[in-house]
Structures are given as C-alpha cells and as structure tokens.
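# Coordinate analysis (summary)
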Amino acid sequence: MTRRIAFIHAPEIRYDQNYGTLFSPLWAYTLAAHVPDGWDVTIVDCIVERADTVGAADVFAFSGINQDIASIREVHDLLKGKFPDATFILGGPITWSLEQEGKLGLLDYFDRLFILDGEQTLPDFLNRFDRGDFADVPKIIRAERFPLDKALPIRFDFYRPNAHHYYGALVEVSRGC
C-alpha cells in the first residue's frame, strides 16, 4: 500500500516580511528528497493554493516560523477536520524557538514535534509509520545537526512546475540564524 505525505507551507504573509516578495518553501522541497521510497509526496504552498483543496494524506508535515503560528493552526484545524485519522507533524524554526521560550505546549495539537534538522529524523519516523510501529515514538523528536554535505538535492520535479509563483530562489549554504 502506498503511503502519502503532504508537506504543508502555511505562512502568515506580511508585506513587511521581504516587502511582499514570495520565496519558495525550500524546506519542503529539501525534505521531500529524504522521504523513503514507496511514499507518494505532495507539496502544498498555501500562498498559491487554497488549503481547502488539499487532498488526503497519511501524514501532514508542517513547518514555519513563530509569526506563522495562527495560520499553521488554521490550516491544521481545517485539514484535521477533513482527515481526522491522519497524523500531523511539525518541525522547523517554530519548534526550536518555542522550546527555547518554554512555550512548546502551544503546539500540543500536533501529533509529533521535530526539533532541529529533519533529513534523518523524518525518514526514520516515516519508515516506522509505514511499518505501523510508531506508537512509542515520543511526541518530541530531537535531531542532531545534519551535515549539509550529506543533504540530497531538492526535489526539482516538484519545484519546476511551481517556480513561476516565486521571486528568485534561495540557496541554503548553512543552517541557523
């Protein structure tokens, strides 16, 4: 049986952030390259696609920054209402920074929270999910820093059809602020 994962980019867009310039959700195209074989991958950028058009998935994977907390919750709740049996996970800067502030509880509505880089922890989780032995995986999944020289190229097959939506591109050469 083919499993499905949908990467959901649901940012809170403000004009003062990048002065209205839209950049692609590089995190999703990067992590999509690390999804194990046998998974059907979808990347949904809610900037250019309405969240209510998102199809079913076994796992919905979100990422974002602190300012996105309200829009992430809104899209999560919409998708959870449509697909109540799906698993919802969140990673990225929002999880790390809210943990540092002692506010990780604000994200309790997610099934799992990923802290730091997901290139190894995401495929490990998805493999366990696929085998059905993920019930004992802790709610908070911590990673070590992932060496960039081991990162796979982004999923250009997903990016190219959507590139026209964005201004330029980002190239990741380091991690962290």
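Quick caveat, the model's predicted, so the values are computed rather than measured.

### So, the pattern of salt bridges
- Enumeration over the complete set of coordinates arrives at 10 salt bridges.
- Between E99 and R142 there is a salt bridge whose closest N-O contact spans 2.4 Å. In this pair, E99 sits in helix 3 (residues 93-100) while R142 sits in strand 6 (residues 140-142), placing the two residues 43 residues apart along the sequence.
- What makes R142 exposed here is its relative accessible area of 51%.
- One salt bridge in this structure joins D133 and R131, with 3.7 Å as the shortest N-O distance.
- Exposure remark for D133: the relative accessible area of 33% places this residue in the partly exposed category.
- On the basis of relative accessibility, which here comes to 58%, the residue R131 falls in the exposed class.
- Among the charged side chains, a salt-bridge network with shared partners connects R128, R131, D133 and D136.

### Observations concerning the side chain of T30
- Looking at where T30 falls in the secondary structure, it is placed in helix 1 (residues 26-32).
- Apart from residues lying up to four places away in sequence, T30 is in contact with E119 and I154.

### Comments concerning the sheet that holds strand 4 (residues 87-91)
- With respect to topology, 6 strands assemble into an open sheet ordered 2-1-3-4-5-6, the strand pairing being parallel. Here the strands that pair on one side only, and so sit at the sheet edges, are strand 2 (39-45) and strand 6. Taken pair by pair, the neighbouring strands of this sheet meet at an average axis angle of 20°, ignoring direction.
- Direction of pairing for strand 1 (residues 3-9) relative to strand 2: parallel, over a ladder of 7 bridges. Bridged to H9 within strand 2 is D45.

### Side note on the packing of aromatic side chains
- Scanning the model with the defined rule gives 12 aromatic pairs in all.
- Geometrically, the ring pair formed by F114 and F125 is edge-to-face, given 5.8 Å between the ring centres and 90° between the ring planes. Here the residue F114 occupies a position in strand 5 (residues 112-115), and F125 occupies one in helix 4 (residues 121-131), the gap between them amounting to 11 residues. Considered together, F114 and F125 belong to a single accessibility category, that of buried residues.
- Members of the aromatic cluster, connected to one another through ring pairs, are F60, F62, F83, F88, Y109 and F110.
- The cationic tip of R73 hangs over the ring face of Y109; the distance from NZ or CZ to the ring centre is 3.8 Å.

### A few points about helix 4
- Looking at helix 4, one finds that the buried residues are T121, L122, P123, F125, L126 and F129.
- Just downstream of helix 4, G132 is the residue with a positive phi angle, here 80°.

### A word on the environment of F125
- Look at F125 and you get buried, because its relative accessible area is 3%.
- Taking C-alpha positions, F125 is 9.9 Å from V35, a pair spaced 90 residues apart along the chain.
- Those residues in contact with F125 that lie beyond four places of it in its chain are T87, I89, R112, F114, F134, V137 and I141.

Calculation rules
- Per-chain numbering applies: the sequence of each chain, read as written, is numbered from 1 onward.
- Under the rules for a predicted model, residues below a pLDDT of 70 receive no local features and side-chain atom pairs below 80 are neither given nor counted, while totals for whole chains, interfaces and linings still include all residues.
- Excluded from the side-chain calculation are hydrogens and water; included are all heavy atoms of the structure.
- Throughout this description, the term salt bridge denotes a Lys or Arg side-chain nitrogen within 4 Å of a carboxyl oxygen of Asp or Glu.
- Helix numbers and strand numbers start at the N terminus; a helix is a DSSP run of H or I with at least 4 residues, a strand a run of E with at least 2.
- Think of it in three bands: with a 1.4 Å probe and only protein chains considered, a residue is buried below 20% of the maximum accessible area for its type, exposed above 50%, and partly exposed in between.
- Contact criterion: two residues are considered in contact whenever any of their non-hydrogen atoms come within 4.5 Å of each other.
- Strands pair, by our definition, only if DSSP identifies at least two bridges between them.
- For every element, the axis is a line fit to its C-alpha atoms; helices are fit only across the contacting stretch, and the angle between N-to-C directions ranges from 0 to 180 degrees.
- Centres within 6.5 Å make a pair out of two Phe, Tyr or Trp rings, where for Trp the six-membered ring is used; the pair is then stacked when the planes are under 30 degrees apart, edge-to-face when over 60, and tilted otherwise.
- To sit over a ring, a charge needs its Lys NZ or Arg CZ within 6 Å of the ring centre and within 35 degrees of the ring normal.

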